[in-house]
Amino acid sequence: DVMKYTFELALNEESFDNSGNIRPNKILSIFEQAATTHGNMLGVSFENMLKKGLLWVVTRVYYNVCGKANVGQQVKVTTWPLAPSRVGYERDYVVSDLEGNPIIKGVSNWALIDSETRKLAAVTQLYNTDNFCEERAVGERVRRIKKFEADAVGSIVPDASMIDRNGHVNNTNYAVFAEKALGGFAGNISAFQIDYHREVMCGQPLSLSALSCSGNALVKGEDAEGALMFCCSVDFS
């Protein structure tokens, strides 16, 4: 089934943090690899969209942890897009062991922006099929992280190594910003979410704030004018 794509990869030592979690930026990078490869197969690659003056941007990513993984383990990654809606494009993911037992279930929400104006573009006829998989990896609809007040914990200035071909900070790096803001993820992560509000560019300073309460940590990044650029929620079991 072309609307589902599966591949295998090994989780090396660098994939894990000191608490035994698969690093969130690693999971986001697996999701990105899956979306990119499958998007190429479906004719909606970066290059094809750019020819139409469009760019893919991720607006939200969420996953929950439903199994344990080990260093050196070979895992299976399956991804599929849902039918486009008026609010955007959803893509789902399951990372499982080779027997098919799920370890991670996730979803990412995407939008298309005009490559010149960087404003949202409404495109409905995107895929050359109506044969969409209706299965959802994550049962309930993922809601936006509610506004919160938090204490300033530092700042970060993204450098050129963090920038992707869209010319902004790659979505996986926000997980690194959250980890820095929290001084590491102390405990077993059960769920992880990032809402991407605005593009962050190379050299654009971000002030980071964090709030931790029992079983949950929240992080947000704001620009020099105080505009919210991203926020992140981490649940611990």
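Everything discussed here concerns the structure shown above.
Okay, so let's go over this structure. (Residues numbered from 1 in each chain as written. Predicted model: local features only at pLDDT ≥ 70, side-chain atom pairs only at ≥ 80, totals over all residues. Heavy atoms only, no water.)

Here we look at the packing of aromatic side chains
Then, in step 1: Tallying each qualifying case throughout the model produces twelve aromatic pairs.
Then, in step 2: Ring centres 5.5 Å apart and planes at 75 degrees place the aromatic pair Y127 and F132 in the edge-to-face group. This pair shows no difference in class: Y127 is buried, exactly as F132 is.
Then, in step 3: Seen from their ring centres, Y174 and F230 are 5.2 Å apart, and the 75 degrees between their planes marks the pair as edge-to-face. Residue Y174 is found in helix α3 (residues 173–182), and its partner F230 is found in strand β11 (residues 228–236); the two are separated by 56 residues along the sequence.
Then, in step 4: Relative accessible area serves as the criterion here: at 3%, Y174 is assigned to the buried category.
Then, in step 5: Each member of the aromatic cluster is reached from another via a ring pair, and the members are F31, Y63, Y93, F185 and F192.
Then, in step 6: One cation-aromatic arrangement involves K4 over W80; the distance from NZ or CZ to the ring centre is 4.6 Å.
Then, in step 7: Seen from the ring of F148, K220 lies directly overhead, with NZ or CZ sitting 5.1 Å from the centre. (Phe/Tyr/Trp six-rings, centres within 6.5 Å; stacked < 30°, edge-to-face > 60°. Buried < 20%, exposed > 50% of the residue type's maximum accessible area, 1.4 Å probe, protein only. Helix = DSSP H or I, 4+ residues; strand = E, 2+ residues; numbered from the N terminus. Lys NZ or Arg CZ within 6 Å of the ring centre and 35° of its normal.)

Regarding α3
Then, in step 1: Of all ten residues in α3, seven are buried, a share of seventy percent or more.
Then, in step 2: Buried within α3 are the following residues: N173, Y174, A175, F177, A178, E179 and A181.
Then, in step 3: Looking at the buried residues of α3, the elements they touch are α1 (24–41), β7 (151–156), β8 (189–196), β9 (206–213), β10 (216–222) and β11.
Then, in step 4: Looking one or two places after α3, you find G183, whose phi comes out positive at around 65 degrees. (Contact = heavy atoms within 4.5 Å.)

Quick notes on the side chain of N216
Then, in step 1: By the secondary structure assignment, N216 is in strand β10.
Then, in step 2: Judged by its relative accessible area of 15%, N216 is buried.
Then, in step 3: Of the polar contacts made by the side chain of N216, one reaches the backbone oxygen of V234; its length is 3.1 Å.
Then, in step 4: In this structure the side chain of N216 is engaged in a polar contact, spanning 2.7 Å, whose partner is the side chain of D235. (Polar contact = N/O pair within 3.5 Å; in protein donor to acceptor, adjacent residues only side chain to side chain.)

Brief notes about the pairing of strand β5 (residues 102–114)
Then, in step 1: In this structure, strand β2 (residues 54–65) lies alongside β5, joined through eleven bridges in antiparallel fashion. Bridging across to β5, V57 finds its partner in A111.
Then, in step 2: Pairing geometry for strand β4 (residues 89–97) and β5, over eight bridges, is antiparallel. Each residue of the ladder has a partner; that of D92, found in β5, is V107.
Then, in step 3: Here β4 hands over to β5 after four residues, with G100 in that stretch at a positive phi of 95 degrees.
Then, in step 4: Connecting β5 to the next strand, strand β6 (residues 120–121), in antiparallel fashion are five residues, including R118 with a positive phi near 65 degrees. (Pairing = 2+ DSSP bridges.)

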